[in-house]
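# Residue-level structure breakdown
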Amino acid sequence: MSNNKPSKKPLNPNFSSGPCAKRPGWNISVLKKTPIGRSHRSKECKEKLNEVIVKSKKILNLPNSYVLAIMPGSNTGALESALWSLLGFKGVDVLAWENFGKDWAIDVLDQLKIKDVNSYVAEYGDLPDLKKINFKNDVIFTWNGTTSGVRVPNAEWIPNDREGLTICDATSAIFAMDIDFEKLDVITWSWQKVLGGEAAHGMLALSPRAIKRLETYTPEWPIPKLFRLSNKKKVLKGVFEGSTINTPSMICVEDVLDSLKWVESIGGANEIIKKSNKNLQIVSDWVNKSNWAEFMCNESTTRSSTSITLKIKDVWFNKFPEEEQKNLIKKMVSSLNKEGVANDINGYPKAPPSLRLWGGGTVQNTDMEILLPWIDWAYEDMKQNV
Ligand SMILES: Cc1ncc(COP(=O)(O)O)c(C=O)c1O
């Protein structure tokens, strides 16, 4: 069978699920106004740190009563500081349907050793049953499972009158999906995902109920300085105004400010969300016609528009053992990389054999359209050369 190689290549071959593609038009000169070599406690730097907080809140339309901090250690740092600072007051319900949710379950069960825990674990491609969650407990979940391409459909399953706190890892969802923030008491994300910023720093938003927990409860375990949000039940207010716990990178700060300004320039959160939805639509149209690829997530209402994850349904491919399937996918990914068409689109190492295309709003819709015929080409090429 002939296998015509497409000729047009994406303008930006970066489809990685993190760190993700820079915004269209980004170049290194956006960093030239960085106050390099200055103290992060100086007026100039503090203003920039505070600007990140103020702009993020405004673009996302976070409720006024929520506070927002820049945290060390990217999304993991932000989320674990919330777990270490807030948990232990109540029982915990933890949901996991891919690698990252499983990591948070390990924190709860093996590290913090919380006694009263319900964990709900689903296989790659599925969601746990959201109807079973006990909202008398604190509830921990990931809005979008980056390694399986499955997200929660919305926040309707979370009651307004919950007793526990809802703690949400939103890193690969925020700025790409509609999120009802009022249903979430803790929201974390990093700069390196949908915004295409640099890694290293995370964001932590807290609702008034989460702040109240900090003001009224001290966990029995030690809390490293890096995670500390309060001191003797007094919230460290400065942390939520740009006085970071430890030293941030002002280059990263300058870079994320550039991303946030870009989001504003294209029309705000709704516009960047639209770009991501369109990327999913483009891939869905292609999957519908494909004789070899399918989504890992079967249910369209819970399908991710950012970490778009594909399985191979071709009977020929599925005759191979899993290890060999992974090798065959590696061949495809490597030829696309060599062609300068797509970088880093292999599925997550611990996930079943898969391809993963980042569809967040820094990936141009035209680039997604151009990429797909190349993936068809790479599949056929791999098949012909086994
Ligand atoms: C859902 C989710 N949680 C946590 C992480 C870890 O984030 P970071 O490396 O920014 O700390 C990632 C990164 O891919 C993720 O996708």
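The structure contained in this document is the topic of the report that follows.

Here is what the cut-offs are and how they apply
- Residues numbered from 1 in each chain as written.
- Predicted model: local features only at pLDDT ≥ 70, side-chain atom pairs only at ≥ 80, totals over all residues.
- Heavy atoms only, no water.
- Helix = DSSP H or I, 4+ residues; strand = E, 2+ residues; numbered from the N terminus.
- Rg over C-alpha atoms; globule rule 2.2 N^0.38 Å.
- Buried < 20%, exposed > 50% of the residue type's maximum accessible area, 1.4 Å probe, protein only.
- Contact = heavy atoms within 4.5 Å.
- Areas by Shrake-Rupley, 256 points an atom, 1.4 Å probe, with all protein chains shown as cover.
- Lys, Arg positive; Asp, Glu negative; His and termini not counted.
- Charge placed at Lys NZ, Arg CZ, Asp CG, Glu CD.
- Polar contact = N/O pair within 3.5 Å; in protein donor to acceptor, adjacent residues only side chain to side chain.
- Pairing = 2+ DSSP bridges.
- Axes fitted to C-alpha atoms, helices over the stretch in contact; angles between N-to-C directions.

### As for the overall build of the protein
- Across its full length, the protein carries 9 helices and 14 strands.
- In terms of overall size, the protein behaves like a compact globule, its C-alpha atoms giving a radius of gyration of 21 Å where 386 residues would be expected to give roughly 21 Å.
- By its C-alpha atoms, the protein is 70 × 50 × 30 Å across when sized along the principal axes.
- Looking at the protein as a whole, 58% of its 386 residues qualify as buried.
- Taking as baseline every contact in the protein between residues at least 6 positions apart, the subset at least 24 positions apart corresponds to 72%.
- For the protein, the exposed area adds up to about 16800 Å²; of that, 49% sits on carbon and sulfur atoms.
- Of the charged side chains in the protein, 51 are positive and 45 negative, and the gap between their average positions amounts to 5 Å.

### Section: the side chain of Ser16
- With respect to the helices and strands, the residue Ser16 is situated in the segment before α1 (43-60).
- A distance of 2.8 Å separates the side chain of Ser16 from the backbone oxygen of Pro19, its partner in a polar contact.

### Overview of the sheet that holds strand β13 (residues 307-312)
- The strand order across the open sheet built from 3 strands is β12-β13-β14, with neighbouring strands paired in antiparallel fashion. Whereas interior strands pair on both sides, the edge strands pair on one side only; in this sheet they are β12 (293-295) and β14 (355-358). This sheet shows a mean twist of 35° between the axes of neighbouring strands, independent of strand direction.
- Pairing analysis gives 4 bridges linking β13 to β14, with the strands arranged antiparallel. When the sheet's bridge partners are listed, Leu310 is paired in β14 with Leu355.
- Most of the contacts of helix α6 (residues 269-289) go to β12, to which it runs at about 135°, and overall it touches β12, β13 and β14.
- The strands touched by helix α9 (residues 365-384) are β13 and β14; relative to β14, the strand with the most contacts, the crossing angle is about 165°.

Such coordinate-based values are descriptive only and should not be taken to indicate function.
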